[in-house]
Amino acid sequence: MSKDNKKTRETRLFPIKLETRDDGTRSLTGYAAVFNSLSEDLGGFREQIAPGAFAGVMGDDVRALYNHNSDLLPLGRTPDTLRLAEDGRGLKVEVDLPDTQFARDLIVSIERGDVSQMSFGFSVSMDGQTWEDREVDGKKQTVRTLTRIKRLYDVSPVVFPAYPDTEVAVRCLECARRTSGGGVVIRRRRLELHEKAISSR
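This write-up is about the structure you can find in this document. (Residues numbered from 1 in each chain as written. Predicted model: local features only at pLDDT ≥ 70, side-chain atom pairs only at ≥ 80, totals over all residues. Heavy atoms only, no water.)

**Concerning the overall build of the chain**
When you go through the chain residue by residue, the secondary structure sums to four helices and 11 strands. Split into buried and exposed, the 201 residues of the chain put 46% on the buried side. Across the chain, every contact between residues at least 6 apart in sequence was considered, and the portion connecting residues at least 24 apart equals 70%. (Helix = DSSP H or I, 4+ residues; strand = E, 2+ residues; numbered from the N terminus. Buried < 20%, exposed > 50% of the residue type's maximum accessible area, 1.4 Å probe, protein only. Contact = heavy atoms within 4.5 Å.)

What follows is the structure in structure tokens.
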């Protein structure tokens, strides 16, 4: 992956669960994204994902990773051991976990509750998002709506969520730190200019 793609990659967090099949194999299931659910404050703005946002990336070569770390062996890969489906709730994920020591260790951590959330890595182009100022919970806020995901890189069980509420889309802690400081208008403009430069190449 190019350096520029890494700069535009973002992640979000959602709950996960384990299932045991009749043959004894284990699978990880859950939603990597949910639609029409406002995030917590992501550093000056809130965010939601519109239904259909993933329609154009369902055929992407996507990996199931741990903590978005491609240096570790993947847990699954589309289309065989990782299956993705966009339904009425969001982006549904099912991963056939491998019979490896790494996966078995992860299962123990999930069963203990040490790892309990899922995230997805993505990029979005300028025409795949909208920004508006509106009243939310009695106060004026800037809301970003993701309407079309440009690239879906991975879905991952993760250790550190940015917020305790896992029923909404939340920015990963690393991404939140990268965007801390400065007003939302400045950060938004920088994001737009950077994505415009990437898309024009």
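So, next bit.
**Let's talk about the side chain of Gln141**
With respect to the helices and strands, Gln141 occurs in strand 10 (residues 139-146). In terms of polar contacts, Gln141 uses its side chain to reach the side chain of Arg46, at 3.3 Å. Ignoring sequence-local partners within four residues, the contact set of Gln141 consists of Asp41, Arg46, Glu132, Asp133, Arg134 and Val136. (Polar contact = N/O pair within 3.5 Å; in protein donor to acceptor, adjacent residues only side chain to side chain.)

**As for the packing of aromatic side chains**
The geometry of an aromatic ring pair is captured by the separation of the ring centres together with the interplanar angle, meaning the angle of the planes. Under the counting rule described, the total for this entry stands at five aromatic pairs. Summarising the aromatic geometry, the rings of Phe45 and Trp131 are spaced 5.1 Å apart at their centres and angled 65° between planes, so their arrangement reads as edge-to-face. Highlighted residues: Phe45 in the loop between strand 2 (26-34) and strand 3 (46-49) and Trp131 in strand 9 (residues 129-136), separated in sequence by 86 residues. Residue classification places Phe45 among the buried positions, given a relative accessible area of 7%. Taken together, a centroid distance of 5.5 Å and an interplanar angle of 70° make the contact between Phe54 and Phe120 edge-to-face. Of this pair, Phe54 sits in the loop between strand 3 and strand 4 (63-64) while Phe120 sits in strand 8 (residues 117-124), and the two are 66 residues apart along the sequence. The pair Phe54 / Phe120 is uniform in exposure class, with both members buried. (Phe/Tyr/Trp six-rings, centres within 6.5 Å; stacked < 30°, edge-to-face > 60°.)

**Considering helix 2 (residues 101-112)**
Look at helix 2: 17 Å from first C-alpha to last across 12 residues, which is about the 16 Å you get at 1.5 Å a residue. Those residues of helix 2 lying buried are Ala103, Leu106, Ile107 and Ile110. Here the buried residues of helix 2 occupy an arc of 105° about the axis, which is enough to place them on one side. Just beyond helix 2, the residue with positive phi is Gly113, at close to 90°. (Expected span 1.5 Å × (residues − 1). Arc of directions from axis to C-beta.)

**Observations concerning the pairing of strand 6 (residues 82-86)**
Remark: a regular strand shows side chains that alternate across the two faces of the sheet. Here strand 6 pairs with strand 7 (residues 90-96) via five bridges, running antiparallel. Within strand 7, the position partnered with Arg83 by the bridge is Glu94. Between the end of strand 6 and the start of strand 7, which pair antiparallel, lie three residues. (Pairing = 2+ DSSP bridges.)

**Observations concerning the pattern of salt bridges**
Once their charged atoms are close, side chains differing in charge can pair, the charge on each being opposite to the other. Following the criterion strictly, the structure yields 15 salt bridges and no others. For Asp99, the salt bridge identified is with Arg104, shortest N-O distance 2.5 Å. Classification of Asp99 as exposed rests on a relative accessible area of 69%. A salt bridge links Glu132 to Arg134; the nearest nitrogen and oxygen atoms lie 2.8 Å apart. Relative accessible area serves as the criterion here: at 36%, Glu132 is assigned to the partly exposed category. A relative accessible area of 26% means that Arg134 is categorised as partly exposed. The network of salt bridges with shared partners includes Arg21, Arg83, Glu94 and Asp96. (Salt bridge = Lys/Arg side-chain N within 4 Å of Asp/Glu carboxyl O.)

**Considering the nonpolar core**
Counting residues in hydrophobic clusters, the biggest one holds 33 residues, and the most contacted among them are Phe54 and Phe120. Those elements that provide at least two residues to this core are strand 1 (10-20), strand 2, strand 6, strand 7, helix 2, strand 8 and strand 11 (149-158). (Core = buried A, V, L, I, M, F, W, Y, C linked by side-chain atoms within 4.5 Å.)

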